[in-house]
Amino acid sequence: MYSIEVKNIDKSYQKVQALKDISLNVNKGEIFGLIGPDGAGKTTLFRILTTLLLKDSGSATVEGFDVEKDYKAIRKIIGYMPGRFSLYQDLSVEENLKFFATVFDTTVEDNYELIRDIYVQIEPFRKRRAGQLSGGMKQKLALCCALIHQPKVLFLDEPTTGVDPVSRHEFWEMLKKLKTKGITILVSTPYMDEAALCDRIALIQRGRIMRIDTLENIVSAFTGHLYAVRSNDMSRLNFDLKEFEGITSAYIFGEFIHADVKNCPDGNKLLSYLEARDHKDIKIFPVHPSIEDCFMELMNKEENK
Amino acid sequence: MNENIIITEDLTKKFGSFTACDKISFSVKKGEIFGFLGANGAGKTTAIRMLCGLLLPTSGKASIGGYDIYKDTEKIKLNIGYMSQKFSLYEDLTVKENIEFYAGIYRLSTKEIKERSKLLISELGLERSADSLIRSLPLGWRQKLAFSVAVIHSPKIVFLDEPTGGVDPVTRRQFWDLIYKAADDGISVLVTTHYMDEAEYCGRISMMVDGKIAAMGTPAELKSSYNVGSMYEVFLHLARGKNE
């Protein structure tokens, strides 16, 4: 049995179709990433799975329970961290934690083991009101509150949005530890580099899932031939690359441009083309596609459908 | 192009016993893209609020486009643009209404408002959506429009606070094309971001740690001075170096 099973879900808000024929399965104990930009439909799917919103059609189960018929059973076994901070701002850190434990008919002491690693980091501030915490600490407290009743499935909706890259990395370290305790984690993020930290990912855009697989398989399914290119004049390079015969796309990636070219097995043809256009200090080498390269290729394919 | 649009000298802001900005000194030239990086809580937002004339410093000096941040805050507000991911446009106004509203706030004349609004709508290819509510526009479009509105009055400098958070990778890159165009037109840009590839697109970068500017330079200079290959590693080194 899958931990989460979603079959052909549609959801519209008046004229806007937020989810179009979404299907996915999440294995028990898996970290599954829902990756896509704002407005892709991630939060809508989370709200359906956490029994807070009704779908228009299709079916979904969490740990075998139907999201509509068995909503009460689901609410007992899941932890949910919404995208917007939603703890009680005027309760202290420890009051919030106690409150959530009580709501789920349990105690902080009974479940302390599960949250200890995370809670010790905010314990020095346990008397402080939640509203007075820094962003990183709020995030840790919210995670503790979502975990305090030992859920089987954890839903984390954009837990790292607006968080600096180093703190984001630390947050993912915490998730990896939770995974070892057998908790299934469905996590959404607009930061594509976080795909590397998930067991499997779904790439989602405009309410549609473009691909579900491991990062490795998604990267190896990339159909283009990528070169990283740079020269002394990057903005002209971007323009010139787009005029190169056989170019599919050229996107800037940090200090290089990733150029997807056909019929150019060793890059020499591209080099002489750029030299003829008076570029200096040219560097060209083949490069493995990143998750963003793959996402953009899939986006372009969807648009041309 | 050597005119400095931002000059700060030992700029400091204390909240009670907490020093959010601790003697920061830097300058931004005309048409320069300046990356303002740092961990959450390092003091970036406090610094930006002072530079926008919204918060009085505790001590130190700064001028924005020649205006003093203690005395000339109202003049500063008319000569800067500001855009953030969290708040940019009014969702229940149309595209055209938003443009006219902001242009009015920046005190453009009725004639200028008409001309620039028409130009902007055609540049962004939004003719068909001019009378649609902002909330019906895809996020990527909103962000591009929000940026264009923030520079509609040709300010000396535009402040961008995480302008690309949450947008798709293609739009994110198109957004940087707009930033480059503004810089080419002589507008200075001060930008914060949590995407480390975007740090590479800046002419120079400052890295704030615990209220201080811990490092400043071009991306290449920073990488070579810490002997690392990526801006993420520079960030890691500075933001967490003290714990190592």
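The present account deals with the structure reproduced in this document. (Residues numbered from 1 in each chain as written. Chains lettered and ligands numbered in written order. Predicted model: local features only at pLDDT ≥ 70, side-chain atom pairs only at ≥ 80, totals over all residues. Heavy atoms only, no water.)

**Digging into the interface of chain B and chain A**
Stated precisely, the cut-off is as follows: In this analysis, two residues are considered to be in contact whenever any of their non-hydrogen atoms come within 4.5 Å of each other. Salt bridge, as used here: a side-chain nitrogen of Lys or Arg that lies within 4 Å of a carboxyl oxygen of Asp or Glu. Secondary structure counts use DSSP, requiring at least four H or I residues in a row for a helix and at least two E residues in a row for a strand, with both numbered from the N terminus. Throughout this entry, Asp, Glu, Lys and Arg are counted as charged residues, while Ala, Val, Leu, Ile, Met, Phe, Trp, Tyr, Cys and Pro are counted as nonpolar. The remaining residues, Gly among them, count as polar.
On the chain A side, the residues contacting the 27 residues of chain B number 25 residues. At the boundary of chain B with chain A, the tally comes to three salt bridges. Ionic pairing is found between Glu255(A) and Lys223(B), a salt bridge with its closest N-O pair at 2.9 Å. When contributions to the side of chain B that touches chain A are tallied by element, the ones reaching two or more residues are helix H6 (169-184), helix H7 (196-199) and helix H9 (231-240) of chain B. Tallied by class, the residues present in the side of chain B that touches chain A amount to twelve nonpolar, six polar and nine charged.

**Let's talk about the sheet that holds strand E4 (residues 57-62) of chain A**
Residues and elements named next belong to chain A. Stated precisely, the cut-off is as follows: Strands are treated as partners if at least two bridges between them are detected by DSSP.
Sheet architecture is open: four strands sit in the order E2-E1-E4-E5, paired in antiparallel fashion. Looking at strand neighbours, the two that pair on one side only are strand E2 (16-26) and strand E5 (65-66), the edges of this open sheet. Judged from the two bridges that link them, E4 and E5 form a sheet pairing that is antiparallel. Bridging from a neighbouring strand, valine 62 pairs with phenylalanine 65 of E5.

**Focus on the pattern of salt bridges**
Residue and element names in this part refer to chain A. The criterion, for reference: Exposure is judged per residue with a 1.4 Å probe applied to protein chains only, and the accessible area is read against the type maximum: over 50% gives exposed, under 20% gives buried, and values in between give partly exposed.
Taken as a whole and judged by the stated rule, the model has 35 salt bridges over all chains. Put simply, lysine 179 and aspartate 199 hold a salt bridge, and the shortest N to O gap is 2.8 Å. Pair noted here: lysine 179 is in helix H6 (residues 165-179) and aspartate 199 is in the loop between strand E8 (184-189) and strand E9 (200-205), with a separation of 20 residues, a long-range link. A residue is classified by how much of its surface remains accessible, and lysine 179, at 29% relative accessible area, is partly exposed. You can call aspartate 199 partly exposed: its relative accessible area is 29%. Between arginine 277 and aspartate 240 there is a salt bridge whose closest N-O contact spans 3.1 Å. Residue arginine 277 is located in the loop between helix H9 (268-276) and strand E14 (283-286), and its partner aspartate 240 is located in helix H8 (residues 234-242); the two are separated by 37 residues in the primary sequence. Residue class for aspartate 240 comes out buried when judged on its relative accessible area of 4%. Several salt bridges share partner residues, and in doing so they unite Asp233, Arg236, Asp240, Glu243 and Arg277 into one network.

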